[in-house]
Amino acid sequence: MGQKQFWFYIQREMTDFIQDVNLFSGLDDSHRDYEDTWEWYEYGSSDLSNTEVYINISRAHNGEQASYECPVRLKYHNSEVEVHTVGLGISIELGVKVYYGQVAYEGGNQYTYQEELSWGA
């Protein structure tokens, strides 16, 4: 079984759009990291028993630029902000369709997505 996450598609680099979303205003280059396949911004503790806000936004890349055909995935935990507010805010601020639902890791770089909610065009 996967975890509930947001995801969306955008034809921009994360470093370009991250500052356009008020929800991510606490994320800056000091929180950015990448490896051979993934790049991400991370804030807070990923320990779900911790009460701190946790944000992880990630997407695959090919070493030079993001893989635009791959979704940007957002894990957002321990916030008082409602799911609807997060999804709608990202959709409005970036002008993209945003999805929310189960995201399950299938192995390698493969994930399955089961939409429960969506916002935008």
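Residues numbered from 1 in each chain as written. Predicted model: local features only at pLDDT ≥ 70, side-chain atom pairs only at ≥ 80, totals over all residues. Heavy atoms only, no water.

Would you mind showing me how to read the sheet that holds strand β3 (residues 38-43) here?
In sheet architecture, strand pairing relies on hydrogen bonds along the backbone and comes in two forms, parallel and antiparallel. On the basis of which strands lie adjacent, the open sheet formed by seven strands has the order β2-β3-β4-β5-β1-β6-β7 and antiparallel pairing. The two strands at the open ends of the sheet, each matched to only one other strand, are β2 (32-34) and β7 (110-119). Here the strands of the sheet are splayed against their neighbours by 30° on average, with no regard to which way each runs. In terms of strand pairing, β2 meets β3 through three bridges, oriented antiparallel. The residue of β3 that forms the bridge with Arg 32 is Tyr 41. Where helix α2 (residues 83-94) meets the sheet, its contacts fall on β1 (3-8), β5 (72-77), β6 (98-107) and β7, and the angle it forms with β7 comes to roughly 95°. (Pairing = 2+ DSSP bridges. Helix = DSSP H or I, 4+ residues; strand = E, 2+ residues; numbered from the N terminus. Axes fitted to C-alpha atoms, helices over the stretch in contact; angles between N-to-C directions. Contact = heavy atoms within 4.5 Å.)

What is the right way to read α2 from this model?
Because the α-helix completes a turn every 3.6 residues, residues three or four places apart line up on one side. An ideal rise of 1.5 Å per residue puts 16 Å on 12 residues; α2 measures up with 17 Å between its terminal C-alpha atoms. Inspection of α2 places Val 86, Gly 87, Ile 90, Ser 91 and Leu 94 among the buried residues, and these make up the whole buried set. Along the axis of α2, the buried positions cluster into a sector of 125°, meaning they face one direction only. Each element contacted by the buried residues of α2 is listed here: β1, α1 (14-17), β5, β6 and β7. A positive phi of about 70° marks Gly 95, the residue just after α2. (Expected span 1.5 Å × (residues − 1). Buried < 20%, exposed > 50% of the residue type's maximum accessible area, 1.4 Å probe, protein only. Arc of directions from axis to C-beta.)

What should I look at first to understand the side chain of Ser 58 in this one?
As for its position among the elements, Ser 58 is in strand β4 (residues 54-60). Ser 58 sits in the buried class, given a relative accessible area of 7%. When neighbours within four sequence positions are excluded, Ser 58 is seen to be in contact with Met 14, Trp 38, Glu 39, Trp 40, Pro 71, Val 72 and Arg 73.

Is there a simple way to explain the pattern of salt bridges in this structure?
Close approach of charged atoms allows side chains of opposite charge to pair. Evaluation of the coordinates by the stated rule reveals two salt bridges. Glu 116 is the partner of Lys 4 in a salt bridge, and the nearest nitrogen-oxygen pair spans 2.8 Å. Of this pair, Lys 4 sits in strand β1 while Glu 116 sits in strand β7, and the two are 112 residues apart along the sequence. With relative accessibility at 37%, the residue Lys 4 sits in the partly exposed group. Note on Glu 116: relative accessible area 39%, which makes it partly exposed. The partner of Arg 12 in a salt bridge is Asp 20, and the shortest N-O contact between them spans 2.5 Å. (Salt bridge = Lys/Arg side-chain N within 4 Å of Asp/Glu carboxyl O.)

None of this, on its own, says anything about what the molecule does.
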